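Residue-level listing of the chains:
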Amino acid sequence: MTLRPDQTVVTRYVPDGSRVLDLGCGHGSLMRYLMDRRGCTGTGVEIAADAVVDAIAKGVPLIELDIDHQLDEFDDKSYDVVILSRVLQATYKPREVLSQMARIGSRCIVSVPNFGYWRHRWVLMRGRMPMSKELPHAWYDTPNIHLSTLSDLEDLFDVVGLDVWERRLSTPDGRQHDYPARWANLMAANAIYVLTPRSAA
């Protein structure tokens, strides 16, 4: 099972045997990996028709729903881990999605591209919208509607009551890198956050 570099890192923070909710699970590769290699149970959530078909074909338990509007269908603390892997920037209501994750799970894992990455800033200074490995779509054809810098995102975590237990930063090709804290928002192309709801910390 081939995983993206960020998904490989995410798996390290999912305890064996966890109940996992994978929001925007795509074609189901991450959930299938966790089921096969980590003994996890759980559910994928997806709305794109082609991805739904692929995930079901992989044997991933799946629910079709809109994560912007329908996460209230899940009970409080009904999952050990809730994952949102490179999806937050494509949601219409990031604050609501994060709040629901904090309610549903005991641990939340969020991976995102960093719009504050220095190469993106450089392209903007030249008067263009960035396109890169992290942001591969043209501005008129992108699913991303709420791009953020890491600083902005961490402010939002605080607002919704999610504490950062660990933050992993990476280069454009997915290699992990420990940037000094004051340079992270400029130098990191991507980030993975392991979060705990404040009431459960």
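First, a word on what this report is: a plain description of the structure on this page. These numbers were taken from a predicted model, which means no experiment stands behind them.

1. Considerations on the packing of helix α4 (residues 94–104) against helix α6 (residues 150–160)
Direction vectors running N to C along α4 and α6 enclose 55°, while the axes themselves pass 10 Å from each other. Considered as vectors, α4 and α6 are oriented oblique to each other. Pair α4 / α6 crosses with right-handed handedness. Contacts between α4 and α6 involve Pro94, Arg95, Leu98 and Ser99 from the first element and Leu156, Phe157, Val159 and Val160 from the second. A breakdown of the residues in the contact of α4 with α6 according to their chemical character gives six nonpolar, one polar and one charged.

2. As for the pattern of salt bridges
One pass over the structure, following the stated rule, counts eight salt bridges. For Arg19, the salt bridge identified is with Asp80, shortest N-O distance 2.8 Å. With Arg19 in strand β1 (residues 19–23) and Asp80 in strand β4 (residues 79–85), this pair connects stretches of sequence that are 61 residues apart. The exposure class assigned to Arg19 is partly exposed, which follows from its relative accessible area of 35%. Look at Asp80 and you get partly exposed, because its relative accessible area is 25%. One salt bridge in this structure joins Arg32 and Asp36, with 2.7 Å as the shortest N-O distance. A residue pair is termed a helical-turn pair when its members lie 3 or 4 positions apart in one helix, as Arg32 and Asp36 do in helix α2 (residues 29–38) at four residues. Overlapping salt bridges, with partners in common, bring together Asp158, Asp163 and Arg198 in one network.

Cut-offs applied
- Residues numbered from 1 in each chain as written.
- Predicted model: local features only at pLDDT ≥ 70, side-chain atom pairs only at ≥ 80, totals over all residues.
- Heavy atoms only, no water.
- Axes fitted to C-alpha atoms, helices over the stretch in contact; angles between N-to-C directions.
- Helix = DSSP H or I, 4+ residues; strand = E, 2+ residues; numbered from the N terminus.
- Parallel < 35°, antiparallel > 145°, perpendicular 65-115°, else oblique.
- Left-handed = near helix turned anticlockwise from the far one by under 90°.
- Contact = heavy atoms within 4.5 Å.
- Nonpolar A, V, L, I, M, F, W, Y, C, P; charged D, E, K, R; others polar.
- Salt bridge = Lys/Arg side-chain N within 4 Å of Asp/Glu carboxyl O.
- Buried < 20%, exposed > 50% of the residue type's maximum accessible area, 1.4 Å probe, protein only.

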